[in-house]
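# Observations on the model geometry
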Amino acid sequence: MTATKIINSVLILIAVSMGIKQGWAMLSISRPMTEMFGKWGFSPAGLRGLGLLTICSALMILFSKTFVYGNVLMASTVLLIIGFHLTDRDIKGVAIELPFFLMNLIIIYLKYPLPFKNVS
């Protein structure tokens, strides 16, 4: 296995674990999530929906056929949060989210690391 594939595999594991962790925090309506998303007008149902979307996108990254879709979906949710931070002029919040956004783009660039056979 090349170094690039190892690095990408580690990045994928980080992205998936963070996506599941943050998605679960949204889905279970944790206090920090309700405080952050509440100021942007998210209802509990909206927060649960975003949490479910985040978990689904994280799981999609694990499979070769949905790898790119999962990364794009996760990057989109992070970009949404970055946009909300920018409307609040919260540069610290943007700086926290930016590496996660870039990580999904790097993962896409490095491609799916495991060999797979196309099944027709």
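Relevant structure appears above.
Below is a short write-up of the structure.

Rules of the game
- Residues numbered from 1 in each chain as written.
- Predicted model: local features only at pLDDT ≥ 70, side-chain atom pairs only at ≥ 80, totals over all residues.
- Heavy atoms only, no water.
- Helix = DSSP H or I, 4+ residues; strand = E, 2+ residues; numbered from the N terminus.
- Buried < 20%, exposed > 50% of the residue type's maximum accessible area, 1.4 Å probe, protein only.
- Contact = heavy atoms within 4.5 Å.
- Axes fitted to C-alpha atoms, helices over the stretch in contact; angles between N-to-C directions.
- Parallel < 35°, antiparallel > 145°, perpendicular 65-115°, else oblique.
- Left-handed = near helix turned anticlockwise from the far one by under 90°.
- Nonpolar A, V, L, I, M, F, W, Y, C, P; charged D, E, K, R; others polar.
- Phe/Tyr/Trp six-rings, centres within 6.5 Å; stacked < 30°, edge-to-face > 60°.
- Core = buried A, V, L, I, M, F, W, Y, C linked by side-chain atoms within 4.5 Å.
- Expected span 1.5 Å × (residues − 1).
- Arc of directions from axis to C-beta.

Another aspect to go through is the environment of Pro 113. Here Pro 113 lies in the segment after α5 (91–110). Looking at Pro 113, the relative accessible area reads 7%, which means it is buried. Considered as a pair, Pro 113 and Asn 8 are 105 residues apart in the sequence and their alpha carbons are 6.7 Å apart. Once residues lying within four places of it in the same chain are set aside, the contact partners of Pro 113 are Lys 5, Asn 8, Ser 9 and Ile 12.

Further remarks concern the packing of helix α4 (residues 67–87) against α5. In contact at an axis separation of 9 Å, α4 and α5 are set at 165° when each is read in the N-to-C sense. In terms of orientation, α4 lies roughly antiparallel with respect to α5. As α4 packs across α5, the resulting crossing turns out to be left-handed. Listed contacts from α5 to Phe 67, Val 68, Asn 71, Val 72, Met 74, Ala 75, Val 78, Leu 79, Ile 81, Ile 82, His 85 and Leu 86 of α4 are Ile 91, Gly 93, Val 94, Glu 97, Leu 98, Phe 100, Phe 101, Asn 104, Ile 107 and Ile 108. Of the residues assigned to the contact of α4 with α5, the class counts are 17 nonpolar, four polar and one charged.

In this section: the packing of aromatic side chains. Taken as a whole and assessed by the stated rule, the structure comprises five aromatic pairs. Geometrically, the ring pair formed by Phe 37 and Phe 42 is edge-to-face, given 5.1 Å between the ring centres and 75° between the ring planes. On the basis of relative accessibility, which here comes to 0%, the residue Phe 37 falls in the buried class. According to the relative accessible area criterion, Phe 42 is partly exposed, its value standing at 23%. Both rings, one in Phe 42 and one in Phe 84, keep their centres 5.7 Å apart while their planes meet at 85°; by these two values the pair is edge-to-face. Taken as a pair, Phe 42 in the loop between α2 (31–38) and α3 (44–60) and Phe 84 in helix α4 lie far apart in primary sequence, 42 residues in all. Judged by relative accessible area, which is 22%, Phe 84 ranks as partly exposed. Here a set of aromatic residues connected by ring pairs shows up, and it is made of Phe 37, Trp 40, Phe 42 and Phe 84.

Leu 11, Ile 12, Ala 15, Val 16, Ala 58, Ile 61, Phe 67, Met 74, Met 103, Ile 107 and Tyr 112 together form the largest nonpolar core, which totals eleven residues. For this core, the secondary structure elements donating two or more residues are α1 (3–27), α4 and α5. The biggest single contributor to this core is α1, with four residues. Setting aside anything within four residues of it in sequence, one finds Val 16 in contact with Ala 58, Ile 61 and Leu 62.

Attention now goes to α3. Between its first and last C-alpha, α3 extends 24 Å over 17 residues, near the 24 Å set by a 1.5 Å rise per residue. The set of residues buried in α3 consists of Leu 47, Leu 50, Gly 51, Thr 54, Ile 55, Ser 57 and Ala 58. Buried residues of α3, seen end-on, are gathered within an arc of 165° and therefore sit on one face of the element. Of the surrounding secondary structure, the elements contacted by the buried residues of α3 are α1, α2 and α4.

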